[in-house]
Every structure is written in C-alpha cells, then in structure tokens.
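# Structural characterization, general
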There are 2 protein chains.
Amino acid sequence: MKINISINLLIVKKYNTGMTDKTPFITLEDLTAGQKFTAGPQKVTQEEIIAFARQFDPQDFHTDPVKAKDTVFGELVASGWHTAALAMRMIVEATPKMQGGMVGRAVENISWPRPVRPGDLLSLTVEITDLRPSEKSPARGLMRTKNTVTNQNGETVMEMEAVVFVPRRSV
Amino acid sequence: MKINISINLLIVKKYNTGMTDKTPFITLEDLTAGQKFTAGPQKVTQEEIIAFARQFDPQDFHTDPVKAKDTVFGELVASGWHTAALAMRMIVEATPKMQGGMVGRAVENISWPRPVRPGDLLSLTVEITDLRPSEKSPARGLMRTKNTVTNQNGETVMEMEAVVFVPRRSV
C-alpha cells in the first residue's frame, strides 16, 4: 500500500493536478473537464511488434518484414491492438491513481489513421471531455476521455474515446 | 504462399461459406450481411493474464491474485485489452482469408459486460452486419461486423463493432 501511495504522489507532482500530498488517491471531485495528462515517449521495437502479432494478430504485415513488402502496407507495421495495449500502459502511467484502479466501462471510436512502424516513439495525451456522477451509485461517477497517440513526427496513429469509472469522495 | 492457401481452404470448409476450392481468397462479392463465423474455445490462463497485464495494464486486479482481493473485482481478472487481443486472434482464425489480410479501419463500441477470469474458455462470433463498396476506391469495400466474445457459460464478456477493408473482385 505504501508503494501505491508513493507512486501516486509522484504522478500528482508530475502532472500538477492541484492536489496536495494529503490526497493519496484522486476522486471525481479532483478532476475537471478539459484537463489533460500525458505519457511517453514509448519506443516500439520490431521484436515487440512481431512477438505481439504472433500471439494475437498473426498476419504477414505484422509478423514478417519480408512478406510484409507484398502486402497493402509494403512494410512491417504494428497490430492496431498492440498500439491499443501500449496506449493502455501509457494511460495507467499518465492518469492520477484512483482508489480501486482504472476500470473501463466502454471504449468508443478507435481509429488508426496511420501505421506504427518499428522504432517509432509513441506519446499519449488523455483529455477529460466529460465528468458526471453515476445515476446508479452515489459512490462513483463516469469520466469520458479522448485519448490520442502520436508518433515522433507528431502524427496521430491512434485515437479513441473511453468511459471510465471514477470513485467519488465519501461525504 | 502455399501455406496461406491451405489454411484458407480449411477455413472455407469449416465455415461453409459456399466458396469452392478454386477460390483461394475471399472478396466482397463472396460475403453477405447476416453471415456468421465462429472461433474458439480459447483457454485463458492466470499466467497469460498476469504476463499481458505486467506489460500493458499494470494494475493490481490484473497482475496480483492476492492484492486483487482488495479491489473492486475481488479477484484476478484479465485486462480488457487482453480480451480484445485474444478476440483479434480468433477473428483472424474465424474469418475467411482476404487478399491483403484483414485491415481494420475503425472499431466502435467496445464493452466488457463481465470480467474474464483465469481458466475461462472464450469463444467468438463474428456477424457481418453491413457490406458496401468503397466510395473512394473501386478495388475495395467496407465490411461492418459485430463481434461477440462469450465464456464457457455462454455469458458475453466483450462486444465490439469493427469496420474492415475488404477487397473487391477484379472486373
């Protein structure tokens, strides 16, 4: 538990959410629409791209740099689900820690406008677009975020909207 | 190339799409809205759940069976992105092979109505809900699918809609 709190305070300082050191976990009341959090850059290697794809998305353009030349991409590119998984790691790194963790209710509108290539450096921005109390439970609310993953050239490689449960402060 | 075609013919026979052995790759013209394809069951082990989460979704309820008891889930559960990645593998297995592979344009409305637990056996159903020629390119079209992942009790653990590029037959 001590470790959790230490990590949290680091993130609080890093992202300047306005919380004090006496606020170990964030609640809905600490957040506002329009807030942004960032993480990365996160390098993606060819070895990681191939290892992920062999396990989860075994298609030539994700698993074989030579065969990939004859595909629509013309080169090895990361599975979109690999990019999504890397985005999740950056979301965990970027977002202030909540009691109970980040539990997603739904994800909407994932798109991959450009491929991710070996050696790319990915960065993430999470923007809070909406915050509201739950209609079912007074102990929690729902946070809607827009998540954007960009490469080292500032080009967007993935976008998605997520709806995440957020705890509310005990009253 | 020979291996690709062999795999394809197996799938054609297994899922009875009405194609003959002379049709090595499927095109838009071979598919119809309402068609369903299935894959699985696919077992998910505790070791796989923890390995995926350590890499991509490092939160106690995905990485530590003991600490998970004190979380909202009360037990170790798979990251939703792990379930999504396993769904992609089953989509590759289930869907007749297309020239150029399965390239996703977008994914909409992912939800995880129930958690995936160690030992669960996951199955996938892909249902084609819409098929249309591309307005930009005469060489391809777009296929919309509803993808449902269920556990060994027939309960839905993930749903998502995907929009995938499909090649058209040369005319």
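## Observations concerning the interface of chain B and chain A
- Counting from both sides, the interface comprises 33 residues of chain B and, opposite them, 33 residues of chain A.
- In this assembly, chain B packs against chain A so that about 2,700 Å² is buried in total across both faces, 64% of it on carbon and sulfur atoms.
- Looking at the side of chain B facing chain A, the largest losses of area belong to Phe56, Trp81 and Val107 of chain B, adding up to 24% of the total buried there.
- At the boundary of chain B with chain A, the tally comes to zero salt bridges.
- Linking chain B with chain A are 10 residue pairs in polar contact (both at pLDDT 80 or more), by the criterion used here.
- The element best represented in the side of chain B that touches chain A is strand S2 (residues 103-111) of chain B, accounting for nine residues.
- In the side of chain B that touches chain A, the residues fall into 19 nonpolar, nine polar and five charged.
- Note that strand S2 (residues 103-111) of chain A and S2 of chain B share four bridges and pair antiparallel. Within S2 of chain B, the position partnered with Ser111 of chain A by the bridge is Ala106 of chain B.

## Some points on the relation of the copies chain B and chain A
- Each copy of the sequence occupies a distinct position, and chain B is placed on chain A by a rotation of 180° and an axial shift of 0.0 Å, giving an RMSD of 0.0 Å. On this basis, the relationship between the two copies can be described by a two-fold rotation axis. Closest to the rotation axis within chain B is the C-alpha of Glu108 of chain B, separated from it by 2.5 Å.
- Of all interface residues in chain B, 100% are interface residues in chain A too; the two copies therefore contact each other through one and the same surface.

## Regarding the packing of helix H4 (residues 80-94) of chain A against helix H2 (residues 46-56) of chain B
- Contact geometry for H4 of chain A and H2 of chain B: axes closest at 8 Å, N-to-C directions at 70°. For the element pair H4 of chain A / H2 of chain B, the angle class is roughly perpendicular. Of the residues in H2 of chain B, those touching H4 of chain A at His82, Ala85, Leu86, Met88 and Arg89 of chain A are Phe52, Gln55 and Phe56 of chain B.
- For the contact of H4 of chain A with H2 of chain B, a count of residues per class yields five nonpolar, two polar and one charged.

## A closer look at the confidence of the model for chain A
All names here are of chain A.
- Of all residues in chain A, 85% have pLDDT values of 70 or greater, and the mean over the chain is 86.
- Looking across chain A, the model is least confident in helix H1 (residues 2-15), with a mean pLDDT of 33, and most confident in helix H2 (residues 46-56), with 98.
- Note that pLDDT drops below 50 for residues 1-21; the model gives that stretch 30 contacts with residues more than four away or on any other chain.

## Some remarks on the pattern of salt bridges
Residues and elements named next belong to chain A.
- Under the counting rule described, the total for this entry stands at 14 salt bridges over all chains.
- For the salt bridge of Asp130 with Arg132, the shortest nitrogen-to-oxygen distance reads 2.8 Å.
- Look at Asp130 and you get partly exposed, because its relative accessible area is 24%.
- On the basis of relative accessible area, Arg132 is assigned to the partly exposed category, the value being 47%.

## Quick word on the side chain of Asp30 of chain B
- In this fold, Asp30 of chain B is placed in the loop between helix H1 (2-15) and strand S1 (36-43).
- At 2.6 Å, the side chain of Asp30 of chain B and the side chain of Arg169 of chain B are in polar contact.

Thresholds applied
Residues numbered from 1 in each chain as written. Chains lettered and ligands numbered in written order. Predicted model: local features only at pLDDT ≥ 70, side-chain atom pairs only at ≥ 80, totals over all residues. Heavy atoms only, no water. Contact = heavy atoms within 4.5 Å. Buried area = accessible area lost by both parts, 1.4 Å probe. Salt bridge = Lys/Arg side-chain N within 4 Å of Asp/Glu carboxyl O. Polar contact = N/O pair within 3.5 Å; in protein donor to acceptor, adjacent residues only side chain to side chain. Helix = DSSP H or I, 4+ residues; strand = E, 2+ residues; numbered from the N terminus. Nonpolar A, V, L, I, M, F, W, Y, C, P; charged D, E, K, R; others polar. Pairing = 2+ DSSP bridges. Least-squares fit on C-alpha atoms with pLDDT ≥ 70 in both. Axes fitted to C-alpha atoms, helices over the stretch in contact; angles between N-to-C directions. Parallel < 35°, antiparallel > 145°, perpendicular 65-115°, else oblique. pLDDT = per-residue confidence, 0-100. Buried < 20%, exposed > 50% of the residue type's maximum accessible area, 1.4 Å probe, protein only.

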